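Overview (structure and organization)
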Amino acid sequence: MEKDQRLKISFYTTYSHSVILMVLISLYFVYTPSILENLQIGETQFAFALTLFGIFNVITNQIASRYLIPKIGTTNCLILARISIAFLPFLVFYYSNYYIFLAIHSFWGIIVGIQAPSLFTQVAIVEERTRLILNPIFKSSFSVGSLIGAGLASLFLGIKLTPLNIFFYLGIFYSLSSITLYFYGLPRKYDVNEKTPNFSIPSKIVLFYGIINMMFFASIGIIIQWSSLWLIRDILAPIFIAGFIIVFFNLGEIFSNIYASRLIIKFNEKIVGPYFSIAGSIILFLSILSMNLYIILPSLIIFGFLTSNLLPISIRQAIKYSKEPLPKTISHISSIGFSGLIFGPAIVGYSAERFGLTFNMYLLCIVFFLISCFMIFLMNKKSLVGVEGIEPTPPK
């Protein structure tokens, strides 16, 4: 009982870490129009920085999973990452130089390459030891953080606070918050204890679910990184609601992730994952055809609700059928998944400049529709992950 309680505290600490991280990232990307204006760059040049981020992310992900995490543990990796990432958005606005901007995004990719496998490994460890369905609940931390960040950004834009001051004080708060990880993070005795895993090729099933993750990360940036620009340029919305698409999308995601375990028990993972996602993609596609903000925003709530469990369910499926140790499986699926950040931003940036931002929004719906169909095909080939004996409610 005491062990379970300690693991639950560790999970909520990891959850809060992810929330604060996404507040920082969401705020940063809502200010995309300001970044483009300050640096005097276009969408393609901005996308190149994101591509560098993806390249360094994937390389570091492999190194961290095989050497750093087994050596110092996931909690120490998260503390290191949190302190390192805290002032990066501030530096973007402080220097206002494109080459420094590229260097910052490259370093950011390295830090997230350490951070991401540490987060996913911790959640998988707690989920395995407590027999709770936690992956969908953990994913809600991304949505909660994005929602808070986008809401704060709209407020700051409305009252005209400078990005330099915003990210300086947020950087101080973010770095100091690493204290909670030190005291309440996952204890070393529960952490990864395997020896440094050797390099191996992922199994076919892990590869396929990794591809689903890859396409997810390649396309989700259309909302996270480009939606504020789309709202202002194509929908002609006022600047103070630039973060509204992220807000409405994440509202739907939060409700879906919180009730994910109950939805899975009531239906099953195939319906809650890919079938829901197909329905959400169709609804959003039809709403964009109207180019009416009052139709698009409610549709984004529905889209967020119906697609939010696609990623955590694909990760659960990969872990279920993998015969490799947990850190190696996480390394494979996260490396394949984050490789989408290498080519995704480049394609999205090019198509935004060539075909327009509205084209990208349609593309987002099509990609989600196709990867959902592919996931149904995979799940028909394998039996679903069972829920027998797994507590369907979040830890209290």
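Predicted, not measured: the structure shown is a model, and the values here were computed from it. (Residues numbered from 1 in each chain as written. Predicted model: local features only at pLDDT ≥ 70, side-chain atom pairs only at ≥ 80, totals over all residues. Heavy atoms only, no water.)

With that settled, consider the packing of aromatic side chains. Counting across every chain of the model gives 31 aromatic pairs. Ring centres of Tyr31 and Phe167 lie 6.0 Å apart, and the angle between their planes is 75 degrees; on these two criteria the pair is classed as edge-to-face. With Tyr31 in the loop between helix 1 (2-30) and helix 2 (32-39) and Phe167 in helix 8 (residues 163-176), this residue pair connects regions lying 136 residues apart in the sequence. Judged by its relative accessible area of 2%, Tyr31 is buried. The aromatic ring of Tyr174 is capped on one face by Arg82, whose charged end is 5.4 Å from the ring centroid. Over the aromatic face of Phe267 sits the side chain of Lys266, whose NZ or CZ is 5.9 Å from the ring centroid. (Phe/Tyr/Trp six-rings, centres within 6.5 Å; stacked < 30°, edge-to-face > 60°. Helix = DSSP H or I, 4+ residues; strand = E, 2+ residues; numbered from the N terminus. Buried < 20%, exposed > 50% of the residue type's maximum accessible area, 1.4 Å probe, protein only. Lys NZ or Arg CZ within 6 Å of the ring centre and 35° of its normal.)

The subject of this paragraph is helix 10 (residues 204-224). End to end, helix 10 covers 30 Å across 21 residues, agreeing with the expected 30 Å (1.5 Å per residue, within 8%). At Ala218, helix 10 shows its largest kink, close to 25 degrees. Burial runs high along helix 10: 15 of the 21 residues are buried. (Expected span 1.5 Å × (residues − 1). Bend = angle between axes of the 7 residues up to and from the residue.)

On to the packing of helix 7 (residues 135-159) against helix 16 (residues 310-321), then. Packing of helix 7 against helix 16 brings their axes to within 9 Å, and their N-to-C directions diverge by 140 degrees. As the angle between them shows, helix 7 and helix 16 are arranged oblique. Relative to helix 16, the crossing made by helix 7 is right-handed. Along its contact with helix 7, which presents Asn135, Pro136 and Lys139, the element helix 16 presents Leu311, Pro312, Ile315 and Arg316. Per-class residue counts for the contact of helix 7 with helix 16 are four nonpolar, one polar and two charged. (Axes fitted to C-alpha atoms, helices over the stretch in contact; angles between N-to-C directions. Parallel < 35°, antiparallel > 145°, perpendicular 65-115°, else oblique. Left-handed = near helix turned anticlockwise from the far one by under 90°. Contact = heavy atoms within 4.5 Å. Nonpolar A, V, L, I, M, F, W, Y, C, P; charged D, E, K, R; others polar.)

We now examine helix 16. Taking 1.5 Å as the rise per residue, helix 16 with twelve residues should run 16 Å; its terminal C-alpha atoms sit 17 Å apart, in good agreement. Along helix 16, the residues classified as buried are Leu310, Leu311, Pro312, Ile313, Ser314, Ile315, Arg316, Gln317, Ala318 and Tyr321.

Now for the confidence of the model for the protein. Taken residue by residue, the protein gives an average pLDDT of 85. The fraction at 70 or more is 94%. Here helix 17 (residues 326-338) stands out as the least confident element of the protein, with mean pLDDT 79; helix 14 (residues 269-290) is the most confident, with 95. Here residues 383-396 is modelled with pLDDT under 50, and outside its nearest four sequence neighbours on either side it reaches 42 contacts, counting other chains as well. (pLDDT = per-residue confidence, 0-100.)

Let us now look at a nonpolar patch on the surface. Together, Ile282, Phe285, Leu286, Leu289, Ile366, Phe369 and Leu370 line one region of the surface with nonpolar side chains, adding up to about 620 Å² of accessible area. Breaking the nonpolar patch down by element, the ones donating at least two residues are helix 14 and helix 19 (357-381). The greatest single-element share of the nonpolar patch, amounting to four residues, is contributed by helix 14. By the secondary structure assignment, Leu289 is in helix 14. (Patch = residues over 30% accessible without salt bridge, like charges linked within 9 Å, V, L, I, M, F, W, Y side chains within 5 Å. Areas by Shrake-Rupley, 256 points an atom, 1.4 Å probe, with all protein chains shown as cover. Salt bridge = Lys/Arg side-chain N within 4 Å of Asp/Glu carboxyl O.)

Per the counting criterion, the structure on display carries three salt bridges. One salt bridge connects Arg316 with Glu127, and the closest N-O pair in it is separated by 3.3 Å. Placement of Arg316 in helix 16 and of Glu127 in helix 6 (residues 98-130) is noted, with a sequence separation of 189 residues between them. According to the relative accessible area criterion, Arg316 is buried, its value standing at 7%. On the basis of relative accessible area, Glu127 is assigned to the buried category, the value being 10%.

We now examine the side chain of Ser118. Residue position: Ser118 is located in helix 6. When residues no more than four places from it in sequence are discounted, the contact partners of Ser118 are Ile69, Thr74, Cys77 and Leu78.

Let us look at the environment of Met214. Mapped onto the secondary structure, Met214 falls in helix 10. A relative accessible area of 16% places Met214 in the buried class. Distance from Met214 to Phe343, taken between C-alpha atoms, is 9.7 Å for residues 129 residues apart in sequence. Not counting residues up to four positions away in its chain, the partners in contact with Met214 are Ile336, Gly337, Ser339, Gly340 and Phe343.

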